[in-house]
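The lines below spell out each chain.
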Amino acid sequence: MLEQAELAQQGKGIAAGVAHGGRPAGERPGAQVRAAFKILLKVSLGYSITLWALIMLFPQGFAAMFTDTPALIEFTKTALRIYAACLLLFGIQIACQMTFTSLGNAKASILVAVMRKFILLIPLIYILPAIFTQAQTTAVYAAEPVADFLAVSFTAVLFTFQFRKSLAGLPGGDANIPDALHFIEDIRTLELSPINTFVERIRELYPDSMIMLHASLECTNFSKAKGGQPRGEYCRLYYFQIR
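**Digging into the overall build of the protein chain**
What the protein chain contains, in helices and strands, is 8 helices and 2 strands. For the protein chain, buried positions account for 37% of its 243 residues. Restricting the contact set of the protein chain to residue pairs at least 6 apart, pairs at least 24 apart contribute 68%. Accessible area of the protein chain: about 14100 Å², with a carbon and sulfur share of 64%.

As structure tokens, this is what we get:
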């Protein structure tokens, strides 16, 4: 079992390295972060699916990297296919976890990491053999793909909600306020004519409304993508509100 685990972990480690290098930065505008995540997801999924296909087609070749014993290679051929059955989905897990980290959502990143290895995998190693008493060895190997499937499902659901919230805190990323006008330029050099046009339109649509301009020299420090806390408390002083 050590050979199968070592091989799978090496493959997942490479996927994590690829995802870590391509993770979207939390300081970028929401549209760029969304686009970067899509690329990261495609690359991570492409890698994990390719590795999974190679393992399913040529498991004996991977087993031969660790041993030259024919009997052990024959046994590993079947066991490795079971152990890596859900490896093709692991790209989703890695992409989401790396994006959580880059957006400053450390709690979510830690949660999905702990969920797979500790909350799911370790109990399943004991639970499945107790259920499938006639094939306990196979059940131990099966604990890995079952844990992977459940962890990826949990991560995907959590990411769907958390990613939207994170994007809402990025410059230009709040699609939940369609009547707001977002700028990511420096307020000191911003061209004001679009603001004047916008104000005129709002005055026509809502004559009795109060229009507020919020401008900050370091507005990204208010981003929820940084964990909901500014980099420095003094940054809260750098704003102007104009009626």
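Having seen it, we continue.
**Some thoughts on the confidence of the model for the protein chain**
Detailed reading of predicted coordinates is not advised where the pLDDT is low. Of all residues in the protein chain, 66% have pLDDT values of 70 or greater, and the mean over the chain is 76. Within the protein chain, no element has a lower average pLDDT than strand β2 (residues 239-242), which sits at 43, and none a higher one than helix α6 (residues 106-131), at 91. Low pLDDT (under 50) marks residues 2-7, which in the prediction has 13 contacts with non-local residues, meaning those over four places away or in another chain. Counting interchain partners and residues more than four positions distant, the pLDDT-below-50 stretch residues 13-28 has 34 contacts.

**Some details on the environment of Ser44**
Looking at the secondary structure, you find Ser44 in helix α2 (residues 30-57). In sequence terms Ser44 and Ile94 are 50 residues apart; their C-alpha atoms lie 7.2 Å from each other.

**Description of the pattern of salt bridges**
For the coordinates displayed, the defined rule picks out 3 salt bridges. For the salt bridge of Glu74 with Lys77, the shortest nitrogen-to-oxygen distance reads 3.3 Å. In this pair, Glu74 and Lys77 are both assigned in helix α4 (residues 70-83), 3 residues apart and thus about one turn of the helix distant. Assessed through its relative accessible area of 23%, Lys77 is described here as partly exposed. The salt bridge involving Asp148 is made with Arg116; its shortest N-O contact spans 2.9 Å. With a gap of 32 residues between them, Asp148 in helix α7 (residues 136-168) and Arg116 in helix α6 connect regions that are remote in the sequence. For Arg116, a relative accessible area of 8% puts it in the buried group. Residues joined in a network through salt bridges with shared partners are Arg116, Glu144 and Asp148.

**Side note on the nonpolar core**
Residues Val33, Phe37, Phe100, Leu158, Phe159 and Phe163 are the most contacted members of the largest nonpolar core, which totals 13 residues. Those elements that place two or more of their residues in this core are α2, α5 (90-102), α6 and α7. Considering each element in turn, this core owes the most residues, 4 residues, to α7. Those residues in contact with Phe159, other than ones at most four positions away along the chain, are Phe37, Cys96, Thr99 and Phe100. Leu121, Leu128, Ala139 and Ala143 belong to the second largest nonpolar core, which has 10 residues in total.

**Here we look at α4**
At 3.6 residues per turn, the α-helix brings residues three or four places apart onto the same side. With 14 residues, α4 should cover 20 Å at 1.5 Å per step; its first-to-last C-alpha distance of 20 Å lies within 8% of that length. At Lys77, α4 is bent by approximately 30°, the largest bend along its length. Within α4 the residues assigned to the buried category are Ile73, Thr76, Ala79, Leu80 and Tyr83.

The rules behind the values
- Residues numbered from 1 in each chain as written.
- Predicted model: local features only at pLDDT ≥ 70, side-chain atom pairs only at ≥ 80, totals over all residues.
- Heavy atoms only, no water.
- Helix = DSSP H or I, 4+ residues; strand = E, 2+ residues; numbered from the N terminus.
- Buried < 20%, exposed > 50% of the residue type's maximum accessible area, 1.4 Å probe, protein only.
- Contact = heavy atoms within 4.5 Å.
- Areas by Shrake-Rupley, 256 points an atom, 1.4 Å probe, with all protein chains shown as cover.
- pLDDT = per-residue confidence, 0-100.
- Salt bridge = Lys/Arg side-chain N within 4 Å of Asp/Glu carboxyl O.
- Core = buried A, V, L, I, M, F, W, Y, C linked by side-chain atoms within 4.5 Å.
- Expected span 1.5 Å × (residues − 1).
- Bend = angle between axes of the 7 residues up to and from the residue.

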